[in-house]
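Topology and contacts: notes
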Amino acid sequence: MTHGPAGGVARPARRDTRLDPYVDRYAARTHGMTASAIRALFSVANRPEVVSLAGGMPNIADLPLDVVGSVLEDLVTTTGMRAMQYGSGQGEPMIREAICEVMRLEGIQAHPDDVTVTVGSQQGLDLVTRIFCDPGDVVLCEAPSYVGALGVFRAFQCDVAHVAMDEQGLDPQALREAVAALRAAGRTVKFLYTIPNFQNPAGVTQSLERRAEILRVAEEADLLVVEDNPYGLLGFDGEPTPAIRALDEDRVVYLGSFSKTFAPGFRVGWVLAPHAVREKLVLAQESATLCPPVFSQFAIAAYLANHDWRGQIKVFREMYRERRDALLAGLADHMPAGMSWTVPTGGFFVWATLPPGLDSHAMLPRAVTARVAYVPGTAFYADGFGSRYMRLSYCFPTPERLVEGTRRLGEVLAHEASM
Ligand code: PMP
C-alpha cells in the first residue's frame, strides 16, 4: 500500500492494460489512421533475401554524386546563410521559376506566382485536401488508387468513391455516372483525384483524347480535378502526353514532385493551383510548416542550373525501361494460365490480375516465406475490394532479381492453386 501526497490513502497505481492508453483521447479524425496489416510483413520483405516487388522506392543509384556533392558544398560556402534561414511560405522564387520550366515539358504554361512549394507531393495532397474538404465530403478516385492519397482522404474524414478505369485510364462515362449518383444521393463531391501517367498502382496512362473527355465531364459536372503527376517525365516511348492542366488552367490543381526525377530525400514537390486558390494554399502551408525546406529548394535549384537534368531523366528512363522489360519477360515465363497484367509505358508499376479463386492478401505471408513480396490489391481500394489483384513494382530490384522474383511468385501461385 502506498500513501498519496495529501496524506490520504492512495489506491495502488492502476496499470492500464490497454495496448494504447491514449485511445480515448485521440481526435475523431485519427480513427481512420490505421497501420495496415501488411506493414509488419514489409519489415520482413525488406530483408536482402526477399525479392521485393512491393516497394515504390525510386532507384537513384545513377545520380551523379560528384555534381550533387559540389552543388551542396557550394551552397554551404556561398549561399549558406540564406539557404539555412527561414524562407517564403510559398517557396523560394528561383525554384518556382525552375518548376515552371520543368512543367513546360508537359505543355503547361504557368506563372511562378501560382506555384506553392511543398514537402513532396504528399504534402501537396494534404494541403489540397485540407483546404477543400470537410468531414463527410466525397473524393472521387480511380479504382484502384494511390494508397498514400487514400490515407490522406481518410485522415480528413472524407469518403472515397472509386471510379472504374480501363487500359486508357479513368473511364469518363463511369465518372459522369458516379457524380450523378452521388449527387442524387445528396452527397457533396469535392474533387476528382487522378493520376494520368503510369498510374500508381495500375500502370495505365490516359490518352490525350481521354484527358480532354475527362475535362469535358468535369466541366459538365462543375468538378474540380486534382491531377497528381509524379511520373509524367518517366515515359519510355516518345514525348510526354500534355498534362490535364495543360488543357485547362481554371479547373485543375496540379501536383508535381522532384522525388522521381531527382531524389526523394530532399522532399520537394509543388502544387500549381488556379490563381484564386493560391492564397489559401500558402496560408495552409505556413500553418503546417512556416515554409517548405529552404535548403532543399536551393539545392535543387542549383542542381537544375548546373547539371543536364533532362539528360539525367533520360538515364533514369532507360534504367526503368530495362527493369520493366525484365519484369514483363519474367511474368511471361513464369505466371500461370489465367493470370493477366498491364503493360506500363513508363513509371514503376505493373498491375496483375490473379486467376479466379486466388487471394493476393491471404497468400502474402506465404509469398514472403518463399522470399518474394508484392502489395496486395486491397491496399489500393478504400473499401476492402481488390483481393484478386496485386501491384508489382520494377523500379528498385536489378533485372536479374526481378526475373528471380517472378520465378518465385510463379511457384507460390502454382502452390496456391493446388491448395
Ligand atoms: N503521388 C503518387 C501517385 C505517388 O506514387 C507518390 C509517391 N510514391 C506521391 C504522390 C508522393 O511522392 P512525394 O511526396 O515523394 O513527392
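Scoring rules and cut-offs
Residues numbered from 1 in each chain as written. Predicted model: local features only at pLDDT ≥ 70, side-chain atom pairs only at ≥ 80, totals over all residues. UniProt positions renumbered as here; feature names shortened; annotations may be inferred. Helix = DSSP H or I, 4+ residues; strand = E, 2+ residues; numbered from the N terminus. Near = placed C-beta within 6 Å. Nonpolar A, V, L, I, M, F, W, Y, C, P; charged D, E, K, R; others polar. Expected span 1.5 Å × (residues − 1). Buried ≥ 20, exposed ≤ 12 C-beta atoms within 10 Å, placed from the backbone. Arc of directions from axis to C-beta. Contact = placed C-beta atoms within 7 Å. Core = buried A, V, L, I, M, F, W, Y, C linked by C-beta atoms within 7 Å.

1. Overview of the UniProt feature "domain: Aminotransferase class I/classII large" (unreviewed entry) in the protein
Feature annotation in UniProt assigns "domain: Aminotransferase class I/classII large" (unreviewed entry) to the following positions: residues 77-404. Split by type, residues 77-404 is 43% helix and 17% strand. Its first and last C-alpha atoms lie 47 Å apart.

2. Structural notes on unusual backbone geometry
Of note, the bond from alanine 143 into proline 144 is cis; its omega dihedral lies within 30 degrees of zero at 5 degrees. Looking at where proline 144 falls in the secondary structure, it is placed in the loop between strand 3 (138-143) and helix 5 (147-155). The linkage connecting asparagine 200 with the following residue, proline 201, adopts the cis geometry, with an omega of 15 degrees. Note on placement: proline 201 falls in the loop between strand 6 (189-194) and helix 7 (208-220).

3. Concerning the site of the ligand
Taken together, 14 residues sit near the ligand, with Gly120, Ser121, Gln122, Ser257 and Ser259 positioned nearest. Of the residues forming the shell around the ligand, the biggest block, three residues, is contributed by helix 4 (residues 120-132). Residue composition of the shell around the ligand, grouped by class: four nonpolar, nine polar and one charged.

4. Brief notes about helix 13 (residues 399-417)
When the terminal C-alpha atoms of helix 13 are compared, their 27 Å separation across 19 residues agrees well with the 27 Å that a helix rising 1.5 Å per residue should span. Those residues of helix 13 lying buried are Leu402, Gly405, Thr406, Leu409, Val412 and Leu413. Seen end-on, helix 13 carries its buried residues on one side only, within an arc spanning 125 degrees. Relative to its buried face, helix 13 has exposed residues pointing more than 90 degrees away, namely Glu400 and Ala414. Packing partners of the buried residues in helix 13 comprise strand 1 (51-52), helix 11 (309-334), helix 12 (360-369) and strand 12 (372-373).

5. Re the nonpolar core
Ranked by size, the top nonpolar core spans 111 residues in total, and within it Leu140, Leu175, Val271, Ile300, Ala367 and Ala373 carry the most contacts. Ranked by residues supplied to this core, first place goes to helix 10 (residues 294-306) with eight residues. Beyond its immediate stretch of four places on either side in the chain, valine 271 contacts Thr116, Thr118, Gly124, Leu127, Val128, Val253, Leu255 and Leu281.

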